[in-house]
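# Chains, contacts and geometry: an overview
Residue-level listing of the chains:
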Amino acid sequence: MVDIAQQAAVKPASARDAVAARALVPLTSIDAGQWRALAQRAVEPNGYYLPGWELAVSATARGRSSASALPAFDGSSARLIGLMPVISLWRAWKIPLPALVSAHPYGTLCSPLIDRDAPIEAAMRLLQQAREAGAHALVLNDVALDGAAMITLNQVLNRDGLRPRVLSSYIRASLDATQDGDALLREALGARKLKELRRQRHRLEENGAVVFEVARGRDEIGPALETFLQLEASGWKGKRGTALIQHAGDATFIRRAVAALAETAQCEIITLRAGTTPVAAGVVLRHQDRAFFFKLGIDERFARYSPGVQLTLDLTRHLCADPAIASADSMASANHPMINPIWRGRFAIGDVLVPLRRNDPVVALIHAALAGLNVAHQAARGVVHRLRK
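Residues numbered from 1 in each chain as written. Predicted model: local features only at pLDDT ≥ 70, side-chain atom pairs only at ≥ 80, totals over all residues. Heavy atoms only, no water.

## Some words on the overall build of the protein
Helix and strand counts for the protein stand at 13 helices and 13 strands. Its C-alpha radius of gyration of 22 Å places the protein within 12% of the 21 Å reference for a compact globule of 389 residues. Overall, the C-alpha framework of the protein stretches about 70 × 50 × 40 Å when taken along its three principal axes. Residues classed as buried in the protein amount to 50% of the 389 residues present. Across the protein, the fraction of contacts at a sequence separation of at least 24, relative to all contacts at a separation of at least 6, is 76%. Of the roughly 17400 Å² of accessible surface on the protein, a fraction of 53% belongs to carbon and sulfur atoms. Within the protein, one finds 47 positive and 36 negative side-chain charges whose respective centroids are separated by 7 Å. (Helix = DSSP H or I, 4+ residues; strand = E, 2+ residues; numbered from the N terminus. Rg over C-alpha atoms; globule rule 2.2 N^0.38 Å. Buried < 20%, exposed > 50% of the residue type's maximum accessible area, 1.4 Å probe, protein only. Contact = heavy atoms within 4.5 Å. Areas by Shrake-Rupley, 256 points an atom, 1.4 Å probe, with all protein chains shown as cover. Lys, Arg positive; Asp, Glu negative; His and termini not counted. Charge placed at Lys NZ, Arg CZ, Asp CG, Glu CD.)

Below is the structure:
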């Protein structure tokens, strides 16, 4: 199948091709200043679609590079009011049907950026851009099902008589950071569990004073990131070959992204040390009033002291004490054994098939293909689960 984004280059020139070329553009062609301004006005925060992050992903990240964009401009064509990074369905899953799929930003959140000052117009124009690019459907992966972006898109779809289909969903942990941190932890974990964690922390202190550090500025965040990368690679991710530093493109992406977001105070590296030894570290993104807990790495030599949990307890207190942060997304899988007991907020994440035309038989084909892909994926996960027992 020919990638939708490449149609104008391989077919004879026509007015329709010219429209498609304008509708779907390279992500790098979006003006960074306009993109940043839109992110500030977005109806729903998404730290993974900030320009500093997503451009770094699209530049070098393994399997995620060279994304395209559906941009939406206002009536004057001067103001960017919507943005959806995308790839073709063929590139995503080798399905030869005309659909566009959310470009994966390395974090499991792909809610598009929609201008809160013109949400309906932005959503309408994003859908129209997808039609003009030749797509019959959009596949929105990992969107907050009850988030403001999806609510806005649903309003436009309902008005046009179009019904999106949820392909899969799960419930993810989140933090209400407007509460007192210590009170929240007491309610979530209970006195007995907190006592056990304090005991483990005291044991950890036998290796030196336990200190929680937050790196924000560019000079300090670089070395902190390298500490995180080494910790991540030292654990099970390194053994499995999925640590960021083990792949040149991924390592380049994360270093570039963290440096770029540090310039706008939208990223911090958190580290827990016992004396001079880092025992856990994580990457946290910030967009508007929300934080996003991207990744965690620990030194497994200290596993009996629960360093990942200890770091998360300190992060919880840190975020709850910050008046600029109202909530945090754990970015965790369903029923995550570490963070679900600590962060008790919940919200639904899902993959959504969005039809772009009424009574379109092609959408039924796309849905059937995606359903078959999901069945195969679930079967493969089952085999892996049985092999690991």
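## What to know about the packing of helix 9 (residues 218-234) against helix 11 (residues 248-263)
To characterise two packed helices, one gives the angle between the axes of the helices and the distance between these axes. In the contact formed by helix 9 and helix 11, the axes pass within 10 Å of each other and the chain directions differ by 145°. As helix 9 runs across helix 11, the sense of the crossing is right-handed. From helix 9, Arg-218, Ile-221, Leu-225, Glu-226 and Leu-229 reach across to helix 11, where they touch Ile-254, Arg-255, Val-258, Ala-259, Ala-262 and Glu-263. (Axes fitted to C-alpha atoms, helices over the stretch in contact; angles between N-to-C directions. Left-handed = near helix turned anticlockwise from the far one by under 90°.)

## Remarks on helix 4 (residues 51-60)
With respect to burial, helix 4 is a largely interior element, 7 of its 10 residues being buried. Residues Pro-51, Trp-53, Glu-54, Leu-55, Ala-56, Val-57 and Ser-58 constitute the buried set of helix 4. Buried residues along helix 4 sit in contact with helix 3 (32-41), strand 3 (80-88), helix 11, strand 10 (277-287) and strand 11 (290-298).

## Structural notes on helix 12 (residues 307-320)
The end-to-end C-alpha separation of helix 12 is 20 Å, in line with the 20 Å expected for 14 residues at 1.5 Å each. The element helix 12 is largely enclosed, with a buried count of 13 among its 14 residues. (Expected span 1.5 Å × (residues − 1).)

## Comments concerning the pairing of strand 6 (residues 137-144)
Of all 8 residues in strand 6, 8 are buried; the element is thus mostly enclosed. Taken together, the 3 bridges between strand 4 (residues 99-102) and strand 6 define a ladder with parallel strand orientation. The residue of strand 6 that forms the bridge with Val-101 is Val-139. (Pairing = 2+ DSSP bridges.)

## Focus on the pairing of strand 7 (residues 165-176)
As defined by bridge partners, strand 7 adjoins strand 13 (residues 345-355) across 9 bridges and the pair is classed as antiparallel. From the neighbouring strand, Ile-171 faces strand 13, where its bridge partner is Ala-348.

## Some remarks on the confidence of the model for the protein
Overall, the predicted model of the protein reaches an average pLDDT of 91, with 90% of residues at or above 70. Taken as a whole, residues 1-19 scores under 50 in pLDDT and shows 23 contacts with residues more than four places along the chain or in a different chain. Here residues 379-389 scores under 50 on pLDDT; set against residues more than four positions off or in separate chains, the count is 1 contact. (pLDDT = per-residue confidence, 0-100.)

## Focus on the packing of helix 6 (residues 119-132) against helix 7 (residues 148-159)
At a closest axis distance of 9 Å, the pairing of helix 6 and helix 7 adopts a crossing angle of 70°. Taken together, the axes of helix 6 and helix 7 lie roughly perpendicular to each other. Like other packed secondary-structure pairs, helix 6 and helix 7 cross with a definite hand, here right-handed. Residue-level inspection shows Pro-119, Ile-120, Ala-123, Met-124 and Leu-127 of helix 6 in contact with helix 7, the latter providing Thr-152, Leu-153, Gln-155, Val-156, Leu-157 and Arg-159. Each residue belonging to the contact of helix 6 with helix 7 can be placed in one class, and the counts come to 8 nonpolar, 2 polar and 1 charged. (Parallel < 35°, antiparallel > 145°, perpendicular 65-115°, else oblique. Nonpolar A, V, L, I, M, F, W, Y, C, P; charged D, E, K, R; others polar.)

## Let's talk about the nonpolar core
In this structure, Trp-53, Phe-253, Ile-254 and Ile-269 are the most contacted members of the largest nonpolar core, which totals 59 residues. Core analysis: the next-biggest nonpolar cluster, separate from the first, contains 34 residues, Leu-184, Leu-204, Phe-293 and Leu-313 among them. (Core = buried A, V, L, I, M, F, W, Y, C linked by side-chain atoms within 4.5 Å.)

## Side note on the state of the cysteines
If you walk through the whole model with that rule in mind, you get 0 disulfides. Cysteine Cys-110 remains unbridged, with the sulfur of Cys-267 as its closest cysteine sulfur at 18 Å. Exposure remark for Cys-110: the relative accessible area of 1% places this residue in the buried category. Between Cys-320, a free cysteine, and Cys-267, which holds the nearest cysteine sulfur, the sulfur-to-sulfur gap is 19 Å. With a relative accessible area of 13%, Cys-320 lands in the buried category. (Disulfide = S-S within 2.5 Å.)

## Describing the environment of Gly-33
Relative to the helices and strands, Gly-33 resides in helix 3. Sequence separation of Gly-33 and Leu-80 is 47 residues, and the distance between their C-alpha atoms is 9.9 Å.

## Considerations on the pattern of salt bridges
Taken as a whole and judged by the stated rule, the model has 22 salt bridges. For Glu-268, the salt bridge is made with Arg-216, and the minimal N-O distance between the two is 3.1 Å. Note that Glu-268 is positioned in strand 9 (residues 267-274) and Arg-216 in the loop between strand 8 (210-215) and helix 9, a separation of 52 residues in sequence. Its relative accessible area of 40% is what places Arg-216 among the partly exposed residues. The structure contains a network of salt bridges with shared partners spanning Arg-41, Arg-79, Asp-115 and Asp-117. (Salt bridge = Lys/Arg side-chain N within 4 Å of Asp/Glu carboxyl O.)

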